[in-house]
Structures are given as C-alpha cells and as structure tokens.
Amino acid sequence: MNPFIRLHPADDVVIARGQLVGGTPIEGVTARGLVPPGHKVAVRAIAQGEPVRRYNQIIGFASRPIAPGEHVHTHNLDMGPDKGHFERDYAFGADVKPPPARREASFMGIRRADGRVATRNYIGVLTSVNCSATAARAIADHFSRRTNPSALAPYPNVDGVVALTHGTGCGMDTGGMGMQLLERTLTGYATHANFAAVLVVGLGCEANQINAWLATGNLREGDNLRVFNIQDTGGTRKTVDKGVALINEMLPRANASEREPCSAEHITIGLQCGGSDGYSGISANPALGAAVDLLVAHGGTAILSETPEIYGAEHLLTRRAVQREVGEKLVERIRWWEHYTAINEGEMNNNPSPGNKAGGLTTILEKSLGAVAKGGTSNLEAVYEYAEPVSAHGFVYMDTPGYDPVSATGQVAGGANMICFTTGRGSAYGCAPSPSLKLATNSALWQRQEEDMDINCGEIVEGSVSIQEMGQRIFELVLATASGAPSKSEKHGYGQNEFVPWQVGAVM
C-alpha cells in the first residue's frame, strides 16, 4: 500500500497515509524530513505566491518557495495577499442532473397526528431566558432514569424528559436579529416531531416574553404545549412542582405513541463535522456524502450547514443549484459572513482550530473543500437561513456558524430528526431530541475513542473499504438509529448541554 494518497492527478500535494520519514519515495521525489499522518507533501516545486491545489482546487498560496518532497503546512502555505478573495466560477446550475431513480426503504418511526414522523419520543422542557434554566433542569431531573428511575418506569415508550436551556433571552433588542433567531429556534424545537409534548418555563420580566414568542411562532397552548413563568407561579420550588405535575399529565399521552414501519423519506439528517483533520475530506466526509445520495434517492432530506466552513468551496455547491436564485442565495450568505467577520475584526481564515491544523488542515479553503464532501453529489434544492423550517426534500443548505453545537441547534430547529457528525480529532458531542451518529475519519481515533464513535471510516484510508461501501453502512446505521437503536452519545447521556442557539448582536 502506498504511504501517501493522491486525490486528483492535477494536485500539487499528496497526503501522508501514516507518518512519513525523510527519504520516503513519493512519486519520483523523496520526503524531506518527518511528515505527520494526514499532512501534505509537495510533489513539485512551487514558487512563492503560486496557488497550491488539492482536490484540484485551490487550498491556499505558497508563502515562500516550496521544494519537492517538502512538508506543506502553515509555515509555507497561507490564504495569499487577498486573504482568499480570488475569482470563483459559480456556474449556477451547471452540474444539475436528473433526479435519481426512486428507491424504497423503511424504518420503525413514530407517526404524529399531523403526518410527520419522529425518530425519538421525548418530552421537552424549554426556557425563554437563562433565568429559568435552573428550574427547568430541576423539572427534567425529576424524570431522570439515572437518578430517579421510578418516575418513567410506567412509560417505556417515552425516551426521556430533557431540559434544553440557553444563556440568553434578555439584555437584547426585542426586535433585532438576535431575538428573531432565538424565537425561530424555540419555535422549531417546540414543534419538533421528536417531542411528544413541550413545557416552556419563563421568568416573567425577560425581553423574550413567552406570549410575544407564541404569537410570532403562531403557537397556542394546548395539551402538548404548556407555558408558565416563575414570577406568576410564586417562586422556584412552586415552579418545579408545577412543571413536574404538568409533565405527569403529558406522559400517558406520550407513552401511547408506538413505532411502526415508515418510509425513509421522513428522515432528515443534519450534516456536521467537528475536530476535522487531513483525512476528513478523504474518508468520513465523502462516505457521509455517499450516504446522503442514498437518502436523497429514498426521498429523504439532508441539511449541509456551517457557512464559514464552506468558504472557498461554495462554487462547488452553486453548480448544483436547481435554480439560479438558490445559488445566488448561498453566495449572498457568504458575502454576509465576510462582512460579519470583518466588522468583528476577524477574517474567514480564523476558523480552522489548533486541532484542525495539528491534524493536517492548513487554511479554511482546504477545510471547506473537505467539508462540502458531506453533501454528496445530489442537486441543491434550497437554501435556508438559520433555524428556518426545512420544507424541501433532497439535499438542502442552511446558513449557520461553524461552531458545531450552534450549527446543529439550527438544523434541529429546522426539522432534522437525525444528526451525522464526522470527526478526525475526536468528538464528545450528542444531541437531543435528535440522535447523533459520530463517524471517525481514521482508525487511530476509532481505537483511541471507540466509546464515543459509532462507525470507523478509517477503513477507507487503509484501502479495505470503498467510499460507496462505507456510505451504504452509514445509511443502514441511520435507518437502525432512526428505528430506536441508541447512539453512543445517547448511551452516555449527551444532548441537553449541546442546545446552543446562535447569539448575534449587542448584549445590552
């Protein structure tokens, strides 16, 4: 097996399959010194200022002359003098293809009265403001299967009671973008198919008034949506008691839900990557993309997000836009992010983390080119803003930050009833109410952190499994998890702390 991986005949670099030592032969040149696993090696001389290609796409510019066989990384590759502002050919719709032949698969889902299908059956406790978070957690804790198992023992069809709290809701412009995002997020969770019922706890005097939020979201109180404030109830203890009593009323109805065979068209996956490394764009991301193509062929939906992490690769998505307007909306969001980072005295290349760089990624351009592979090859049907309800089927895009908990929160608010999360450095993420599967990009991570990983895509790097074969495995695991099989993160109890709505604007 070759000690390196070539991704495209026109590439200026190859990727180390394992650690390379000086003198290792690489396509007619020899490695100059140690090159860590997942990192890049130049296969030709590259002049200072010249673009460097991986995936046959520009990942940056040589910041000094690079010799054949040299390790290519942050010491000799950057975004160039224009900080990544080079010409992209958006070619709107150029790669649109006929819809795939419809395929049929089923999973054991939970059908709601309005026809939507759930993958889990939770009762949720939401908060309007940070001030009610402690009370909300106390309510949910009463029903914890770990500390008070008798509370839910009579209700085997209920997956749990979870408190999804946040750190905002006050000290903000009541009509500003921040409030709009929070209201949209809470509406998406309050109406999510994976919640059989929802309780909302407020303080009473906060900026995010519950009645105003209900009106904005066209929501009404009923048997499965109850709201109240601490100040009206008379204090924390009374609030917790009232919340426990209301959930006890909800539990018999929630427990009446039973799983039944449902079409895979009802699965909506939020696509995430975190702790990416040099293997992400080689193994787990394209394998997840292959699974996405399978899901789309079965009528399902996949949501790609993390706009700062598609920067420099957005032209690969606009080419797949079914309408020019769809592609132009994506470009408009890219421009918004350029402005947003600039006014906050940052730049788009601030995104790659120290862990990303230690794993072999150098610039946001390189990271993005690997990240978009999660979206497979299907047509881009629609572009949504953060936490907007996703109504289209197929492959879609939602504008979110790159920070995984914030991004996934928006996807779930939009209707994602599953999350698939690729990682090369290791992740301890989980999600509620939508189960999250974690895909390891390399076998070393799988062996080190198997208790947190659901599938090992490192077999692709080792050459024992193809991308398509791994994509089929992922798709089958999605069906099993959507049918109720617990993910690793669910077994560990993740999900309540990972609810993080996007905060923008001034804190007043």
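Here, every reference points to the structure presented above.
Bear in mind the structure is a predicted one, so any value in this text is a computation, not a measurement.

Caption draft 1: Looking closely at the overall build of the protein. A tally of helices and strands in the protein yields 15 helices and 23 strands. Relative to its length of 508 residues, the protein is compact, with a C-alpha radius of gyration of 24 Å against a globular reference of 23 Å. Viewed in the frame of its principal axes, the protein has a C-alpha envelope of about 75 × 45 × 45 Å. Across the 508 residues that make up the protein, the buried fraction comes to 59%. Sequence separation of 24 or more characterises 71% of the internal contacts of the protein that already satisfy a separation of 6 or more. For the protein, the accessible surface area stands at approximately 19400 Å², while carbon and sulfur atoms represent 50% of it. Taking the 43 positively charged and 52 negatively charged side chains of the protein as two groups, their mean positions are separated by 3 Å.

Caption draft 2: Region of the structure containing the pattern of salt bridges. The full count for this structure, using the stated rule, is 23 salt bridges. In this structure, the salt-bridge partner of Glu366 is Lys40, at a minimum N-O distance of 3.0 Å. Of this pair, Glu366 sits in helix α10 (residues 364-371) while Lys40 sits in strand β5 (residues 40-42), placing them 326 residues apart in sequence. As far as burial versus exposure is concerned, Glu366 and Lys40 are alike and both buried. Among the ionic pairs, Glu249 bridges to Arg226, the shortest N-O distance being 4.0 Å. Placement of Glu249 in helix α5 (residues 236-255) and of Arg226 in strand β15 (residues 225-229) is noted, with a sequence separation of 23 residues between them. Within this structure, Asp12, Arg44 and Glu50 form a network of salt bridges that share partners.

Caption draft 3: Representation of the sheet that holds strand β11 (residues 117-118). The three strands lie next to each other as β11-β10-β16, forming an open sheet whose pairing is antiparallel. Bordering the open sheet on either side are β11 and β16 (260-263), each of which pairs with just one other strand.

Caption draft 4: Focus on the side chain of Arg54. Secondary-structure assignment places Arg54 in strand β6 (residues 51-54). Setting aside residues no more than four positions away along its own chain, Arg54 makes contact with Leu7, Asp11, Val13, Ile15, Lys40, Ile59, Gly278, Ile282, Leu361, Glu366 and Leu369.

Caption draft 5: The arrangement of the state of the cysteines in detail. All chains considered together, the criterion is met by zero disulfides. Cys457 takes part in no disulfide bond, and the closest cysteine sulfur, belonging to Cys420, lies 9.8 Å away. A relative accessible area of 0% means that Cys457 is categorised as buried.

Reading the values: rules and limits
- Residues numbered from 1 in each chain as written.
- Predicted model: local features only at pLDDT ≥ 70, side-chain atom pairs only at ≥ 80, totals over all residues.
- Heavy atoms only, no water.
- Helix = DSSP H or I, 4+ residues; strand = E, 2+ residues; numbered from the N terminus.
- Rg over C-alpha atoms; globule rule 2.2 N^0.38 Å.
- Buried < 20%, exposed > 50% of the residue type's maximum accessible area, 1.4 Å probe, protein only.
- Contact = heavy atoms within 4.5 Å.
- Areas by Shrake-Rupley, 256 points an atom, 1.4 Å probe, with all protein chains shown as cover.
- Lys, Arg positive; Asp, Glu negative; His and termini not counted.
- Charge placed at Lys NZ, Arg CZ, Asp CG, Glu CD.
- Salt bridge = Lys/Arg side-chain N within 4 Å of Asp/Glu carboxyl O.
- Pairing = 2+ DSSP bridges.
- Disulfide = S-S within 2.5 Å.

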